Amino acid sequence: MTLVPGPHGLLVAPGYPRRFPVTGAAAVTVGEVVLVREGPGLRTLADVARRWPALLDHEARHAAQWARWGGPVGFLPAYAAATVWSWLRTGDRHSANHFERAAGLADGGYRENPPRPLGPALVSLVRGAPARLPALSRGSRGRARPSRRRRRPTAA
Ligand SMILES: [Zn+2]
């Protein structure tokens, strides 16, 4: 993996070989550094531009958000809160996420899901059964395992 100068003053690392904390994302921006996921034919900046023509424009908007929101101290908790809100509202982490919307959903490669009723989402969250909600987008986490009660050993 190599960092190369990209558009908008970004440093871009095409072919980042590790898992992203956000599954399903093509890239993750940390400050002005953009890590683009590894994949067949994704070794250079030209490869990235060919596969996702507007992705680096989207990531440049995230870089500006990082700066505007105070870097990791401000941006990360705000982004996390926006992610939770989006999941509650739409069942995915980006459709109602303020930061993803402001960066351009389509430019980031995201499909927009319609809002869903908030009440059932909150109820299922409290009960720990989000798997009963309408289908989540690909790569979403947060599916609760069914609770398993431990059985007491019976005396023989
Ligand atoms: Zn994004």
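As the structure is a computational prediction, the values presented were derived from the model and not from experiment. (Residues numbered from 1 in each chain as written. Predicted model: local features only at pLDDT ≥ 70, side-chain atom pairs only at ≥ 80, totals over all residues.)

**Q** An account of the nonpolar core is requested, with residue identities and associated values reported.
**A** Ranked by size, the top nonpolar core spans 16 residues in total, and within it Leu-10, Val-12, Ala-27, Val-34, Val-36 and Leu-56 carry the most contacts. Among the elements of the structure, strand E2 (11–16), strand E4 (33–37), helix H2 (55–68) and helix H3 (71–90) are those that each provide at least two residues to this core. Top contributing element to this core by residue count: H2, with 5 residues. Once residues lying within four places of it in the same chain are set aside, the contact partners of Val-12 are Leu-3, Val-4, Gly-6, Val-34, Val-36, Leu-45, Val-48 and Leu-56. (Core = buried A, V, L, I, M, F, W, Y, C linked by C-beta atoms within 7 Å. Buried ≥ 20, exposed ≤ 12 C-beta atoms within 10 Å, placed from the backbone. Helix = DSSP H or I, 4+ residues; strand = E, 2+ residues; numbered from the N terminus. Contact = placed C-beta atoms within 7 Å.)

**Q** Can you tell me about the pairing of strand E3 (residues 27–30), naming the residues and giving the values?
**A** Where a strand is regular, its side chains alternate between the two sheet faces. Only one face of E3 is buried, namely the one carrying Ala-27 and Thr-29, since none of Val-28 and Val-30 on the opposite face is buried. Bridging between E3 and E4 involves 4 bridges; their strand directions are antiparallel. Bridge assignment links Thr-29 to a residue of E4, and that residue is Val-34. If you look at the hairpin formed by E3 and E4, you'll find 2 residues sitting between the two strands, and Gly-31 has a positive phi there, around 65°. (Pairing = 2+ DSSP bridges.)

**Q** Tell me about H3, residues and numbers included.
**A** Residues separated by three or four positions in an α-helix point in the same direction, a consequence of the helix having 3.6 residues per turn. Counted at 1.5 Å a residue, the expected span for H3 with its 20 residues is 28 Å, and the 27 Å between its end C-alpha atoms agrees. The complete set of buried residues in H3 reads Phe-75, Tyr-79, Ser-86, Trp-87 and Thr-90. For H3, the arc enclosing every buried residue in end-on projection is 100°, short of the 170-degree limit, so these residues lie on one face. In this structure, H3 carries Val-73, Pro-77 and Ala-80 as exposed residues pointing more than 90 degrees from its buried face. On the buried face of H3, the contacting elements are H2 and helix H4 (98–103). (Expected span 1.5 Å × (residues − 1). Arc of directions from axis to C-beta.)

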